Amino acid sequence: MNMDKFNELLLESAGVGLAILDPQNQEILTANKRFCDWFPEEVVKGRALGDVFCNLDFSRLKERIAAGRAFCAEAEIKVKRRSITVALQVSHCDSQDAGFLVLECQNVSKMKELEYMIESYSSMIEKQNRTLEREKERAEKLLLNVMPKAIYDELKTFGVSAPQTYEHASVLMLDFVGFTEMPISQDPAGTITELNDIFTAFDQIVQQFGCERIKTMGDAYMAVSGLPEATPDHAVNIARVAQLMIRYLNKRNATHRQKWKCRIGINTGTVVGSIVGVQKYVYDIFGPGVNLAARMEAHADEMEICLCEDMYELIKNDFAAEPLGEIEVKGFGSKEVFALKDAHRELRAA
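Residues numbered from 1 in each chain as written. Predicted model: local features only at pLDDT ≥ 70, side-chain atom pairs only at ≥ 80, totals over all residues. Heavy atoms only, no water.

Caption draft 1: Here's a closer look at the overall build of the protein chain. Within the protein chain, the regular secondary structure consists of twelve helices and 13 strands. With 350 residues in all, the protein chain has 39% of them scored as buried. Summarising the internal contacts of the protein chain: among those between residues at least 6 apart in sequence, 56% fall at separations of at least 24. (Helix = DSSP H or I, 4+ residues; strand = E, 2+ residues; numbered from the N terminus. Buried < 20%, exposed > 50% of the residue type's maximum accessible area, 1.4 Å probe, protein only. Contact = heavy atoms within 4.5 Å.)

And the structure:
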């Protein structure tokens, strides 16, 4: 077998498309069968590489070849009305007789499709992860609206939250006077709008003093200070919250047609905090501290804050209060009751 025949067989047995190029003008001198499957021999033989791959950077190709280095690129071609992506490499090869250029081509369409699929899948997963993260943040925000953060952290970490007893906590109970007789109660949409405005303002007041809004029940509002973390000034904080709620309603009533009047009961004592429910979480507080606050709210007059002597003893150095006498409180016996005034001790002394 002569060398020409051997070289021809070697060229045809290659697993990639091969073509031999003239180093001067990059004219295609010969090509193997795989290359001719993409470009018929009668079409490409004798033509310059630029006529076959018109989008290549030929100035870059010449620079690389002149420097004795291979030129690599990708090109898209049409084969029988179907586009395929070809990875090609042009390199210089010296023989005993003369030098020539070798063009190697490989169909990488499947690889490109796979890369596109992986990229699309990665993009989809990333989008889903962002959506899940937003939903997680939304769920966390909703849960933080119904329970203190420390309770939420315990629930997230351990899956459960055990009831806890707080010996020193102060509770606020607020209810609106004559709500069912108010004209706005006949307009549900209007009622929700009004209550949303008022309760939003109440939430801001509660947060200002480090207290926790526990829940709203219709037109009633409950807040607490001293849990889940102990607060030495829990009684003073809840009293300030009560005062600011009254002040807010007075200012609001001065500029709104609908007048909202409330009564407030505050009390300090032992409470138990716990998550109620399994599928629908609700954080609530129970105990004598809560019950007595509810009794004080029921005893209060319009736009009045009521408290008993136990609470007053804790805040008497900071707030002024008017004695209302002793009353019989259901479940607690006889209690001396006070009405908290809208003034601090230091302000009155001034």
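And the narrative resumes.
Caption draft 2: Broad picture of unusual backbone geometry. Along the chain, Leu 227 connects to Pro 228 via a cis peptide bond; the corresponding omega equals 0 degrees. Within the secondary structure layout, Pro 228 lies in the loop between β8 (220-225) and α9 (234-255).

Caption draft 3: Summary view of the pairing of strand β2 (residues 28-31). Note: strand β1 (residues 17-21) against β2, three bridges, orientation antiparallel. Along β2, the bridge assignment pairs Ile 20 with Thr 30. In this structure, the hairpin formed by β1 and β2 is closed by a connection of six residues, where Gln 26 is found at a positive phi of approximately 55 degrees. (Pairing = 2+ DSSP bridges.)

Caption draft 4: Representation of a nonpolar patch on the surface in the model. The grouping of Val 276, Val 282 and Phe 286 at the surface amounts to a nonpolar patch, some 240 Å² of accessible area in total. Checked against the element boundaries, Phe 286 lands in strand β10 (residues 282-286). Taking the relative accessible area as the measure of exposure, Phe 286 reaches 40% and is therefore partly exposed. (Patch = residues over 30% accessible without salt bridge, like charges linked within 9 Å, V, L, I, M, F, W, Y side chains within 5 Å. Areas by Shrake-Rupley, 256 points an atom, 1.4 Å probe, with all protein chains shown as cover. Salt bridge = Lys/Arg side-chain N within 4 Å of Asp/Glu carboxyl O.)

Caption draft 5: Layout of the environment of Ala 220. In this structure, Ala 220 sits in strand β8. By relative accessible area, which is 13% here, Ala 220 ends up buried. C-alpha separation for the pair Ala 220 and Phe 176, spaced 44 residues apart in sequence, amounts to 6.8 Å. If near-sequence neighbours (up to four positions away) are discounted, Ala 220 is found in contact with Leu 174, Asp 175, Phe 199 and Lys 215.

Caption draft 6: Examining the pattern of salt bridges more closely. Under the defined criterion, the tally for this structure stands at eleven salt bridges. Two residues, Arg 213 and Asp 203, come together in a salt bridge whose shortest N-O distance is 3.6 Å. Remark: Asp 203 occurs in helix α8 (residues 188-208) and Arg 213 occurs in strand β7 (residues 212-217); sequence separation between them is ten residues. The exposure class assigned to Arg 213 is partly exposed, which follows from its relative accessible area of 25%. Salt bridges sharing common partners tie together Glu 194, Asp 197 and Arg 252.

Caption draft 7: Region of the structure containing the packing of aromatic side chains. Overall, the coordinates contain seven aromatic pairs when judged by the stated rule. Considering the side-chain rings of Phe 176 and Trp 260, the 4.9 Å spacing of their centres and the 75 degrees angle between planes classify their relative orientation as edge-to-face. Here Trp 260 lies in the loop between α9 and β9 (262-276) and Phe 176 lies in strand β6 (residues 164-176), a separation of 84 residues in the sequence. For the residue pair Phe 176 and Trp 260, the accessibility class agrees, reading buried in each case. Through successive ring pairs, a cluster of aromatic residues spans Phe 176, Phe 199, Phe 202, Tyr 221, Tyr 248 and Trp 260. (Phe/Tyr/Trp six-rings, centres within 6.5 Å; stacked < 30°, edge-to-face > 60°.)

Caption draft 8: Fine view of the side chain of Thr 268. The topology assignment puts Thr 268 in strand β9. Among the polar contacts made by the side chain of Thr 268, one reaches the main-chain carbonyl oxygen of Ala 169 at a distance of 3.1 Å. At 3.4 Å, the side chain of Thr 268 forms a polar contact with the side chain of Ser 170. With near-sequence residues (within four places) excluded, Thr 268 lies in contact with Ala 169, Ser 170, His 234, Asp 310, Met 311 and Leu 314. (Polar contact = N/O pair within 3.5 Å; in protein donor to acceptor, adjacent residues only side chain to side chain.)

Caption draft 9: Highlighting α8. For α8, with 21 residues, the first-to-last C-alpha span of 30 Å sits near the 30 Å given by 1.5 Å per residue. In the core, the buried residues of α8 are packed alongside β6, β7, β8 and α9. Positioned one or two residues after α8, Gly 210 has a phi angle of 70 degrees, which is positive. (Expected span 1.5 Å × (residues − 1).)

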